[in-house]
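Structural overview for review
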Amino acid sequence: MGIFSRTRDIIAANVTDLLDKAEDPAKMIRMIILEMEETLVEVRASAARTIADQKEMRRHISKLEKLQESWTEKAELALSKDREDLAKAALMEKQKASDMCEQLAEEITVLDEALKASEEDINKLQSKLREARARQNSIVARMESANNRARMREMYNGGRMNDAFSRFDMLERRVDLAEGRADAAGLGSAPKTLEEEIAELKSSEKVDAELEALKQRVAKKG
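Let me sum up the structure you'll find in this document.

Time to look at a nonpolar patch on the surface. A surface patch of nonpolar side chains, about 270 Å² in accessible area, is lined by Leu 211, Leu 214 and Val 218. Tracing the backbone shows Val 218 in helix α6 (residues 194-221).

Moving on: the side chain of Ser 118. Among the secondary structure elements, Ser 118 is positioned in helix α4 (residues 84-157). If near-sequence neighbours (up to four positions away) are discounted, Ser 118 is found in contact with Val 43 and Ala 47.

A cluster of acidic side chains, namely Glu 65, Glu 69, Glu 73 and Glu 76, defines a negative patch on the protein surface. Judged by relative accessible area, which is 51%, Glu 76 ranks as exposed.

Attention shifts here to the nonpolar core. With 18 residues, the main nonpolar core has Leu 19, Ile 29, Ile 32, Met 36, Leu 125 and Ala 132 as its most contacted residues. Those elements giving two or more residues to this core turn out to be α1 (7-12), α2 (15-21), α3 (25-80) and α4. In terms of residue count, the dominant contributor to this core is α3 (seven residues). Apart from the residues lying within four places of it in its own chain, the contact partners of Leu 125 are Thr 7, Ile 10, Ile 11, Thr 39, Leu 40 and Val 43. Judged by nonpolar contacts, the second largest core, of eight residues, contains Met 57, Ile 61, Ala 97 and Leu 104.

Here we take up the environment of Glu 56. Mapped onto the elements, Glu 56 comes out in helix α3. C-alpha separation for the pair Glu 56 and Ile 108, spaced 52 residues apart in sequence, amounts to 10.0 Å.

What counts, and at which threshold
Residues numbered from 1 in each chain as written. Predicted model: local features only at pLDDT ≥ 70, side-chain atom pairs only at ≥ 80, totals over all residues. Heavy atoms only, no water. Patch = residues over 30% accessible without salt bridge, like charges linked within 9 Å, V, L, I, M, F, W, Y side chains within 5 Å. Areas by Shrake-Rupley, 256 points an atom, 1.4 Å probe, with all protein chains shown as cover. Salt bridge = Lys/Arg side-chain N within 4 Å of Asp/Glu carboxyl O. Helix = DSSP H or I, 4+ residues; strand = E, 2+ residues; numbered from the N terminus. Contact = heavy atoms within 4.5 Å. Lys, Arg positive; Asp, Glu negative; His and termini not counted. Charge placed at Lys NZ, Arg CZ, Asp CG, Glu CD. Buried < 20%, exposed > 50% of the residue type's maximum accessible area, 1.4 Å probe, protein only. Core = buried A, V, L, I, M, F, W, Y, C linked by side-chain atoms within 4.5 Å.

And the structure:
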């Protein structure tokens with residue numbers, strides 16, 4: 001069963017009130033838009049039929065006007081032959097065609113009014129439909145935002161986040177151990193090579209020789 005029973009219900013409807021009362025606003029707005037679209041199609045189809053009826057009536061009026069001219073010519077011919085009875089009968093047929101023209105013209109006027117009403121309804125329906133679609137976009141955006149916030153809260157408060165931080169702690173501990181091994185490798189002095197020890201002996205001999213020479217020079221001055 002539809003939300004609205006007729007076009008006037010949609011035009012008079014307050015979309016906001018309908019959504020405020022709905023348990024599922026997203027579902028309700030989809031239903032509202034669907035029914036509005038279907039009603040708009042129906043109103044346009046009705047307007048199209050009205051326009052087609054008017055065109056058919058105008059064609060019929062054109063034929064009746066030609067028929068009146070024909071009966072007038074026939075009446076004139078009958079009078080020219082002194083057949084007043086035939087002339088009168090022709091004029092009666094002309095009057096029937098004229099009456100039918102007037103009737104069709106009145107019906108066209110009624111259809112014009114109906115067409116204007118349909119056009120107003122279409123404009124109002126389109127306005128309501130734009131409003132509903134705008135509300136739909138807003139509702140969808142709000143629903144997505146709410147779902148994202150809910151997922152974030154679940155992530156922060158749930159076990160997956162705790163597991164993730166536990167894995168981070170393990171990785172940091174592994175990095176600490178690796179850095180500790182690297183730092184420990186540099187502690188203490190490395191053993192001297194043979195070349196280094198010999199070089200130190202040669203340097204020591206030079207210093208001793210220079211010290212002895214200095215002592216001798218000082219002794220001579222004294």
